[in-house]
Amino acid sequence: MFKEFKKFIMRGNMLDLAVGMIIGSAFNAIVTSLVNDMFMPLLGWIVGDTDFSNLYCVLGNLPADVASKPATLAEAQELGLATFNYGNFITALIHFLLMAIVVFLIVKGFNKLNEKGSKLKKKEEEKPAEPTTKVCPFCQSEISIKATRCPHCTSELDK
């Protein structure tokens, strides 16, 4: 069983998957930081510092000892009120959309770079090869480019 497990772990695609997972988790940390530390504050500033996580509805009637709806979700939960927390969903949805946009832009940028690299490589590959033959000006036969005398008509050729 140990040998089978070792064989399973050491397969090339398993190692590729492990490397992909590690790089993916590091990439996730970068994108999460970009969204949370740069885009979410900017979005909050645009919409007027609205904290979507405190948007909620109290399910049912308020108890007699509670005069008005608590200002924050945390206060409502401390009082033991049943709440419908749609603000957390809005926050998660915005977070998801921003992450999707960031990942899309990064992938698009990499694809553009890759495309430019491919075009350069194609240009290098498409360069015509150096000619290896020429035409004899006297008999019009095809001869080696290095020839100094035509093998067909024996004419002397210019170098």
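## Notes on the overall build of the protein
In step 1: When helices and strands are counted, the protein shows four helices and four strands.
In step 2: Element order for the protein, N to C, with α for helix and β for strand: α-α-β-α-β-α-β-β.
In step 3: Each of the three principal axes of the protein carries a C-alpha extent, and together these read 120 × 55 × 25 Å.
In step 4: By residue count, 14% of the 159 residues in the protein fall in the buried class.

## Points about the pattern of salt bridges
In step 1: This model, assessed by the stated rule, comprises one salt bridge.
In step 2: Salt-bridge contacts for Glu156 lead to Arg149; the nearest nitrogen and oxygen are separated by 3.2 Å.
In step 3: Among the residues examined, Glu156 registers a relative accessible area of 58% and is labelled exposed.
In step 4: Taking the relative accessible area as the measure of exposure, Arg149 reaches 45% and is therefore partly exposed.

## Some details on the environment of Ile106
In step 1: Residue position: Ile106 is located in helix 4 (residues 86–126).
In step 2: Setting aside residues up to four positions removed in sequence, Ile106 forms contacts with Phe27 and Val31.

## Quick word on the side chain of Thr83
In step 1: Tracing the chain through its elements places Thr83 in strand 2 (residues 83–84).
In step 2: Residue Thr83 is classed as buried on the basis of its relative accessible area of 18%.
In step 3: Among the polar contacts made by the side chain of Thr83, one reaches the side chain of Asn85 at a distance of 2.8 Å.
In step 4: When neighbours within four sequence positions are excluded, Thr83 is seen to be in contact with Tyr56, Cys57, Leu59, Leu73, Ala76 and Gln77.

## Comments concerning the side chain of Ser155
In step 1: Residue placement: Ser155 occurs in the segment after strand 4 (142–144).
In step 2: Each residue touching Ser155, except ones within four places of it in the same chain, is listed here: Phe138, Thr148, Arg149 and Cys150.

## What to know about the packing of aromatic side chains
In step 1: Under the criterion given, the structure shown has one aromatic pair.
In step 2: Measuring from centroid to centroid gives 6.4 Å for Phe84 and Tyr86, while their planes differ by 35°, and the two rings are tilted.
In step 3: On the basis of relative accessibility, which here comes to 49%, the residue Phe84 falls in the partly exposed class.
In step 4: A relative accessible area of 31% places Tyr86 in the partly exposed class.

## Brief notes about the environment of Pro137
In step 1: Tracing the sequence through the fold places Pro137 in the loop between strand 3 (133–135) and strand 4.
In step 2: Put simply, Pro137 and Cys150 are 13 residues apart on the chain and 9.4 Å apart in space, counted from C-alpha to C-alpha.

## Things to note about a nonpolar patch on the surface
In step 1: Taken together, the side chains of Met38, Phe39, Leu42, Trp45, Ile46 and Val47 present a nonpolar region at the surface, about 650 Å² in accessible area.
In step 2: With respect to the helices and strands, the residue Trp45 is situated in helix 2 (residues 12–46).
In step 3: With a relative accessible area of 65%, Trp45 lands in the exposed category.

## What to know about the nonpolar core
In step 1: Grouped together as the largest cluster of nonpolar side chains are seven residues: Val31, Val35, Phe52, Ile94, Leu98, Met99 and Val102.
In step 2: Ranked by the residues each element gives to this core, the list is headed by helix 4, at four residues.
In step 3: When neighbours within four sequence positions are excluded, Val102 is seen to be in contact with Val31, Leu34, Val35 and Phe39.
In step 4: With five residues, the next largest nonpolar core counts Cys136, Ala147, Cys150 and Leu157 among its residues.

Calculation rules
Residues numbered from 1 in each chain as written. Predicted model: local features only at pLDDT ≥ 70, side-chain atom pairs only at ≥ 80, totals over all residues. Heavy atoms only, no water. Helix = DSSP H or I, 4+ residues; strand = E, 2+ residues; numbered from the N terminus. Buried < 20%, exposed > 50% of the residue type's maximum accessible area, 1.4 Å probe, protein only. Salt bridge = Lys/Arg side-chain N within 4 Å of Asp/Glu carboxyl O. Contact = heavy atoms within 4.5 Å. Polar contact = N/O pair within 3.5 Å; in protein donor to acceptor, adjacent residues only side chain to side chain. Phe/Tyr/Trp six-rings, centres within 6.5 Å; stacked < 30°, edge-to-face > 60°. Patch = residues over 30% accessible without salt bridge, like charges linked within 9 Å, V, L, I, M, F, W, Y side chains within 5 Å. Areas by Shrake-Rupley, 256 points an atom, 1.4 Å probe, with all protein chains shown as cover. Core = buried A, V, L, I, M, F, W, Y, C linked by side-chain atoms within 4.5 Å.

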